[in-house]
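Survey of secondary and tertiary structure
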There are 4 protein chains.
Amino acid sequence: MPKVGEEHLRARREEILGAAARCFARAGFHRTTIQDIAAESGLSPGLVYRYFADKEAMITAIAARWHESQAGLLRTGDAGTTEDLVPGYLGLLRSLAAPAERERVRLGVQIWAEALRAPEVEAVARAGVDAPREVVARLVRAAQDRGELPAGLPPDGLARVFIAIYQGLALQTAWDAGLDNDAYVRAVEGLVSLLTS
Amino acid sequence: MPKVGEEHLRARREEILGAAARCFARAGFHRTTIQDIAAESGLSPGLVYRYFADKEAMITAIAARWHESQAGLLRTGDAGTTEDLVPGYLGLLRSLAAPAERERVRLGVQIWAEALRAPEVEAVARAGVDAPREVVARLVRAAQDRGELPAGLPPDGLARVFIAIYQGLALQTAWDAGLDNDAYVRAVEGLVSLLTS
Amino acid sequence: MPKVGEEHLRARREEILGAAARCFARAGFHRTTIQDIAAESGLSPGLVYRYFADKEAMITAIAARWHESQAGLLRTGDAGTTEDLVPGYLGLLRSLAAPAERERVRLGVQIWAEALRAPEVEAVARAGVDAPREVVARLVRAAQDRGELPAGLPPDGLARVFIAIYQGLALQTAWDAGLDNDAYVRAVEGLVSLLTS
Amino acid sequence: MPKVGEEHLRARREEILGAAARCFARAGFHRTTIQDIAAESGLSPGLVYRYFADKEAMITAIAARWHESQAGLLRTGDAGTTEDLVPGYLGLLRSLAAPAERERVRLGVQIWAEALRAPEVEAVARAGVDAPREVVARLVRAAQDRGELPAGLPPDGLARVFIAIYQGLALQTAWDAGLDNDAYVRAVEGLVSLLTS
DNA sequence: AATGAATGAGAATTCATTCAT
DNA sequence: GATGAATGAATTCTCATTCAT
């Protein structure tokens, strides 16, 4: 009986998504064929379609997976006070330099572009930005109330700026893996310490 | 005699690129067909190939054109002192909210992703970032020498951060044309004034 | 002991054929997948192949089954004299209007078309027409001998005409379940009574 | 300039439809591939799609074409009085035996089956039956008024019976090109002369 | 016997590119 | 130069059939 457990199904799905992520990171969504993904995952093309309705669905799943893991990274630094937040954020920026993150970073940029055309991907991308933005904005407001941050700064705008600093670094890293991540992070650190002093 | 031909050639090329830019911004590089571009420009598909070797060449040309116009925007605020630079930079951020910029912004995001796969596009994109980065880094260094900026900050890193703040806003604007550009710019303004005070 | 196996085998086969008939009547031979038939019969796709060599074999079996049940209907009115035959024939025409016959009628039209390409189906279809044709022709000849039918009519041709009148009604009913079956049968009745008077 | 006249377009379309008709008559709609049609018409697969949106559209066009030519045949015998109609009808029946009609007849049967699944084909098939039915019914009514046909027969039913006699002969001819068309027609002739005497 | 996951050949369709006119 | 018809390779997706369990 090839009846297979729930977890096997899930594992298979992950296997395919992993292969797809590697292909997509390497060649982009549109230059990657289903055959490529099948070959990369060691499966047959037909089988891929038992797990995903079509290529579009795979792209959406990849985007969702990407933002989930992103959310996981964010939660690491998700304490509650600004002081705890800052080291987490800087760590997040530093992590972009890790060679293991190369695939993720490249994938992220492709997803950003894809979000402009695929509404499902857009929804996922937007949610992936909105959630942390709201968290950060709330923390900024709290810090302003405590007098730890200048009162004049719009919390939402500031949150967006910090997200942009992350996005821009990701983009620049995707283009040039050898960029000086440390100089970047130190510049950000300097800015933040000006803010909180 | 060859002058006219040259001019005409150039004009035609621009015409086609304009049509291509509209198509690409709308549907992305890979969902846009040569037939779409021909239709949008009012020419025949065959004629497009007299001006561009292939689709790849059109994408590269679009990317180059994009970074050229970007450079043009940057030059506006390219005075020499930090004080002149800041209003220009803030103006640049504000300009992203203009409806007329919508196409440019969307196109930019697509180019960022394309740069990951097409070396020619990557070269163009990298140059488009490196040039302003060096300009800004030089200005930062000068300002640090004059004591107008804290000495501890790595000029290159700081330049990258400002570029990231632009890129991230562009990305967020591409996704959501209705975002609060003003709040963003005020947050950046706050950061900058902390820096320069 | 083999009796039970035999019975079971036959029953299973019938079960599958019933499911296949429903699917085929609904969607045609070529738009119906083995998976559809498996789902409709509550079995697994693999199991279907223990009872039929391939899809072709199922279609042939369906055609055979159809003509068998058709033969059963014909036998009802298969007495021996023309007088007994006529009510049976008219009853057969009337039966086409029954909602329960809808599936059979639709299936029949599909089989007619399939017979043009599959020699096995053709053989079955031809036999299904030839047998009643010969019966009717024989009866016509007998009636002509008894002087109950005009002598000049070719018995075989007339038999074919009556078959055509059935086939055509079946076809028209398959297209439009709401057609006026009664008017049709009364017209046929009129024709027949002219013949036999 | 490969700009091509309207008539060339039309001719090309007819060319493709002709090739498709041959393929469809031979192998049925679903065993015929677009490649087959392209090969049969001496064109490339891609070109077929400049003339037809998809395979479905080709099938519908084939069905429409079939019924148009059918209507042409009918008009031949479309005089106005029953007396003129009868020879035309008998001629129509006889024409089914012509070898040149073999393709048409086989195609017709496939269309009948296809009409059960494709609404567009159904509409075409229904119109192809309804129009002559109404014509015949009107003529029957007129003949009844003139006392040339028995008054008791339902005109519409009788018209359907004559259509069925045609359809059934077509079907039987499709299966067996060698059937005795003459015997069939003489039987019909006998029936008709009983009716009108 | 039974399952249903897995296979992979095959079919429809698209579209970059060419080329006859 | 210009056209747009024509090409055909490439790609997505389906589904009959097999096979490990």
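Treat the numbers as computed from the prediction; the structure is a model and nothing was measured. (Residues numbered from 1 in each chain as written. Chains lettered and ligands numbered in written order. Predicted model: local features only at pLDDT ≥ 70, side-chain atom pairs only at ≥ 80, totals over all residues. Heavy atoms only, no water.)

Here we take up the overall build of chain A. A count of helical and extended segments in chain A gives 9 helices and 0 strands. Mapped in sequence order, the helices and strands of chain A form the string α-α-α-α-α-α-α-α-α. Counting only C-alpha atoms and orienting by the principal axes, one finds that chain A spans roughly 65 × 35 × 30 Å. For chain A, the proportion of its 197 residues judged to be buried stands at 50%. The contacts of chain A with a sequence gap of at least 6 include a subset with a gap of at least 24, amounting to 69%. Counting only carbon and sulfur atoms, one obtains 55% of the accessible surface of chain A, whose full area is about 8900 Å². (Helix = DSSP H or I, 4+ residues; strand = E, 2+ residues; numbered from the N terminus. Buried < 20%, exposed > 50% of the residue type's maximum accessible area, 1.4 Å probe, protein only. Contact = heavy atoms within 4.5 Å. Areas by Shrake-Rupley, 256 points an atom, 1.4 Å probe, with all protein chains shown as cover.)

Okay, the relation of the copies chain A and chain B next. Taken as rigid bodies, chain A and chain B are interconverted by a rotation of 179 degrees and an axial shift of 0.0 Å, the fit giving an RMSD of 0.3 Å. The superposition operator between the copies reduces to a two-fold rotation axis. The share of interface residues of chain A whose copies in chain B are also at the interface is 100%, consistent with both copies meeting through the same surface. (Least-squares fit on C-alpha atoms with pLDDT ≥ 70 in both.)

Before going further, it helps to examine helix H6 (residues 102-114) of chain C. All names here are of chain C. Here H6 contains 13 residues, and its C-alpha end-to-end distance of 19 Å stays within 8% of the 18 Å for a straight helix at 1.5 Å per residue. Along H6, 11 of the 13 residues are buried, which leaves the element largely enclosed by surrounding structure. Listed as buried for H6 are Arg 104, Val 105, Arg 106, Leu 107, Gly 108, Val 109, Gln 110, Ile 111, Trp 112, Ala 113 and Glu 114. (Expected span 1.5 Å × (residues − 1).)

The next subject is the domain arrangement of chain A. Residue and element names in this part refer to chain A. Here the domain parsing of chain A yields domain 1 (1-52) and domain 2 (55-196). Computed from C-alpha atoms alone, the centre-to-centre distance between domain 1 and domain 2 is 28 Å. In this complex, domain 1 contributes 19 residues to the contact, which on the side of domain 2 involves 14 residues. For the pairing of domain 1 and domain 2, the buried interface totals around 1500 Å² over both sides, and the portion due to carbon and sulfur atoms is 69%. For the interface between domain 1 and domain 2, the tally reads 1 salt bridge. Salt-bridge contacts for Arg 65 lead to Glu 14; the nearest nitrogen and oxygen are separated by 3.1 Å. The interface formed by domain 1 and domain 2 contains 7 residue pairs in polar contact (both at pLDDT 80 or more). The set of elements that each furnish at least two residues to the side of domain 1 that touches domain 2 consists of helix H1 (6-27) and helix H2 (34-41). Sort the elements by how many residues they give to the side of domain 1 that touches domain 2 and H1 lands first, with 11 residues. Residue classes in the side of domain 1 that touches domain 2 are distributed as 11 nonpolar, 4 polar and 4 charged. (Domains from an automatic or database assignment. Buried area = accessible area lost by both parts, 1.4 Å probe. Salt bridge = Lys/Arg side-chain N within 4 Å of Asp/Glu carboxyl O. Polar contact = N/O pair within 3.5 Å; in protein donor to acceptor, adjacent residues only side chain to side chain. Nonpolar A, V, L, I, M, F, W, Y, C, P; charged D, E, K, R; others polar.)

Moving on: the packing of aromatic side chains. Residue and element names in this part refer to chain A. A full pass over the atoms with the stated rule returns 8 aromatic pairs over all chains. With centroids separated by 5.4 Å and ring planes inclined at 85 degrees, the aromatic side chains of Tyr 89 and Phe 162 adopt a geometry described as edge-to-face. Taken together, the positions of Tyr 89 in helix H5 (residues 82-95) and Phe 162 in helix H8 (residues 155-175) put the pair 73 residues apart, joining distant regions of the chain. Comparing Tyr 89 with Phe 162, the two get one shared label, buried. (Phe/Tyr/Trp six-rings, centres within 6.5 Å; stacked < 30°, edge-to-face > 60°.)

Under the fitted operation, chain D is carried onto chain C by 0.0 Å of movement along the axis and a turn of 179 degrees, and the coordinates agree to an RMSD of 0.3 Å. When the interface residues of chain D are mapped onto chain C, 100% of them are again interface residues, pointing to one common binding face.

Before going further, it helps to spend a moment on the interface of chain A and chain B. Across the boundary between the two partners, chain A contributes 47 residues, which contact 47 residues of chain B. Note on chain A versus chain B: buried area summed over both sides is about 4200 Å², and carbon and sulfur give 69% of it. Its largest share of buried area at the contact with chain B, chain A owes to Leu116(A), Arg160(A) and Trp175(A), together 19% of the area lost on that side. Taken together, the connections running from chain A to chain B amount to 4 salt bridges. For the salt bridge of Glu56(B) with Arg31(A), the shortest nitrogen-to-oxygen distance reads 2.8 Å. In this structure, the connection of chain A to chain B is made through 14 residue pairs in polar contact (both at pLDDT 80 or more). Going through the elements one at a time, H1, helix H6 (102-114), helix H7 (119-145), H8 and helix H9 (181-196) of chain A are the ones with two or more residues in the side of chain A that touches chain B.

The next subject is the pattern of salt bridges. Enumeration according to the criterion identifies 53 salt bridges over all chains in this entry. The closest approach of N and O atoms between Arg10(B) and Glu6(B), which form a salt bridge, is 3.9 Å. Highlighted residues: Arg10(B) and Glu6(B), both in helix H1 (residues 2-27), separated by 4 residues, approximately one helical turn. What you see here is one network of salt bridges that share partners, running through Arg22(A), Arg26(A) and Glu40(A).

This part takes up the packing of helix H6 (residues 102-114) of chain B against helix H8 (residues 155-175) of chain B. Residue and element names in this part refer to chain B. Running from N to C, H6 and H8 point in directions that differ by 110 degrees, and their axes come no closer than 9 Å. The angle between H6 and H8 falls in the class roughly perpendicular. Of the two possible hands of crossing, H6 and H8 adopt the one that is left-handed. Counted together, Arg 102, Arg 104, Val 105, Arg 106, Val 109 and Trp 112 of H6 and Tyr 166, Gln 167, Ala 170, Leu 171, Thr 173 and Ala 174 of H8 form the full contact between these two elements. Of the residues assigned to the contact of H6 with H8, the class counts are 7 nonpolar, 2 polar and 3 charged. (Axes fitted to C-alpha atoms, helices over the stretch in contact; angles between N-to-C directions. Parallel < 35°, antiparallel > 145°, perpendicular 65-115°, else oblique. Left-handed = near helix turned anticlockwise from the far one by under 90°.)

Turning to the UniProt feature "DNA-binding region" (unreviewed entry) in chain A, a few remarks are in order. Per the UniProt record, the feature "DNA-binding region" (unreviewed entry) sits at residues 33-52 of chain A. Helix makes up 75% of residues 33-52 of chain A and strand makes up 0%, while its end C-alpha atoms are separated by 14 Å. (UniProt positions renumbered as here; feature names shortened; annotations may be inferred.)

Right, let's talk about the environment of Ala25(C) for a bit. With respect to the helices, strands and loops of the structure, Ala25(C) is situated in helix H1 (residues 2-31). Excluding anything up to four places from it in sequence, Ala25(C) contacts Glu103(C), Arg106(C), Leu107(C) and Gln110(C).

All names here are of chain C. Restricting attention to buried positions, one finds in helix H2 (residues 34-41) the residues Ile 34, Ile 37, Ala 38 and Ser 41. For H2, the buried positions fall inside an angular range of 100 degrees around the axis, keeping them on one side. Summarising the geometry of H2, the exposed residues directed more than 90 degrees from the buried face are Gln 35 and Ala 39. (Arc of directions from axis to C-beta.)

With that settled, the discussion passes to the side chain of Ser41(C). The topology assignment puts Ser41(C) in helix H2. When near neighbours in sequence (up to four residues on either side) are disregarded, Ser41(C) contacts Glu15(C), Ile16(C) and Ala19(C).

The geometry of H6(A) relative to H6(B) is characterised by a closest axis approach of 8 Å and an angle of 150 degrees between their N-to-C directions. On the basis of the axis angle, H6(A) is roughly antiparallel to H6(B). Crossing hand, H6(A) versus H6(B): left-handed. Packed against H6(A), whose contacting residues are Val109(A), Gln110(A), Trp112(A) and Ala113(A), the element H6(B) presents Val109(B), Gln110(B), Trp112(B) and Ala113(B) at the interface. Grouping the constituent residues of the contact of H6(A) with H6(B) by class yields 6 nonpolar, 2 polar and no charged.

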